[in-house]
Amino acid sequence: MMKLHLIRIFILALPALPVSAAARADTLQLSKIDRKIESHIRRGNTKKNVQCLAFILKDFQERKIHKSDIYVTFDDPNIDGIGIGIAETDENYTCEAGELRAWEANEYQVAKTF
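Reading the values: rules and limits
Residues numbered from 1 in each chain as written. Predicted model: local features only at pLDDT ≥ 70, side-chain atom pairs only at ≥ 80, totals over all residues. Heavy atoms only, no water. Phe/Tyr/Trp six-rings, centres within 6.5 Å; stacked < 30°, edge-to-face > 60°. Helix = DSSP H or I, 4+ residues; strand = E, 2+ residues; numbered from the N terminus. Buried < 20%, exposed > 50% of the residue type's maximum accessible area, 1.4 Å probe, protein only. Core = buried A, V, L, I, M, F, W, Y, C linked by side-chain atoms within 4.5 Å. Contact = heavy atoms within 4.5 Å. Polar contact = N/O pair within 3.5 Å; in protein donor to acceptor, adjacent residues only side chain to side chain. Pairing = 2+ DSSP bridges. Axes fitted to C-alpha atoms, helices over the stretch in contact; angles between N-to-C directions.

**Student:** What exactly am I supposed to notice about the packing of aromatic side chains here?
**Tutor:** Note on aromatic pairs: each is described by the distance of the centres and the angle between the planes. Across all of its chains, the model carries three aromatic pairs by this definition. Geometrically, the ring pair formed by F55 and F114 is edge-to-face, given 5.7 Å between the ring centres and 65° between the ring planes. Here F55, found in helix 3 (residues 47-62), pairs with F114, found in the segment after strand 6 (107-113); they are 59 residues apart in sequence, far enough to count as distant. Owing to a relative accessible area of 24%, F114 belongs among the partly exposed residues under this scheme. Aromatic side chains W103 and Y108 sit 5.0 Å apart centroid to centroid with 50° between the ring planes, which places their arrangement in the tilted category. Residue W103 is classed as partly exposed on the basis of its relative accessible area, which comes to 27%.

Here it is in structure tokens:
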């Protein structure tokens, strides 16, 4: 009887466990982003950050980087905007505060402002 009581307490307490902030971030291949997700990204960011994303994606397209090799990070509490990276490379960018930021060794250089 006591064992059953403990299981009930655990099950009731489980929904109250906090979800870590990193668990809420989403990273998807560009090829997996549909119109609904794109709309969510646009609504959740400033116009300048969305312009920045379009700029870097155009650059990737001109460089003939496959959509399946491009990863987009959004809803990340550690990024005040949108993250973009290329699989199996060290190329990582963010669009934050209207700036295109190129990241290397946890430091960034502003590549362009919008």
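**Student:** Please explain the nonpolar core as it appears in this structure.
**Tutor:** One broad trend across soluble globular proteins is that nonpolar side chains are buried collectively. L53, I56, F60 and I84 are the most contacted members of the largest nonpolar core, which has 17 residues in total. With five residues, helix 3 is the largest single contributor of residues to this core. Sequence-distant contacts of I56, that is, excluding residues within four places in its chain, are made with I84, Y93 and L100.

**Student:** Even after reading the chapter, I still don't get the environment of T46, so can you show me in this structure?
**Tutor:** Inspection of the secondary structure assignment puts T46 in the loop between helix 2 (35-43) and helix 3. One polar contact links the side chain of T46 to the main-chain amide nitrogen of N49, over a distance of 3.1 Å.

**Student:** For this particular structure, what's the right way to read the sheet that holds strand 6?
**Tutor:** Pairing between the strands of a sheet is mediated by backbone hydrogen bonds and can be parallel or antiparallel. Strand order in this open sheet of six strands is 1-2-3-4-5-6, and the pairing throughout is antiparallel. Edge strands, defined here as strands with exactly one partner in the open sheet, are strand 1 (26-29) and strand 6. Here the strands of the sheet are splayed against their neighbours by 25° on average, with no regard to which way each runs. Bridge count between strand 1 and strand 2 (residues 70-74): four bridges; the pairing is antiparallel.

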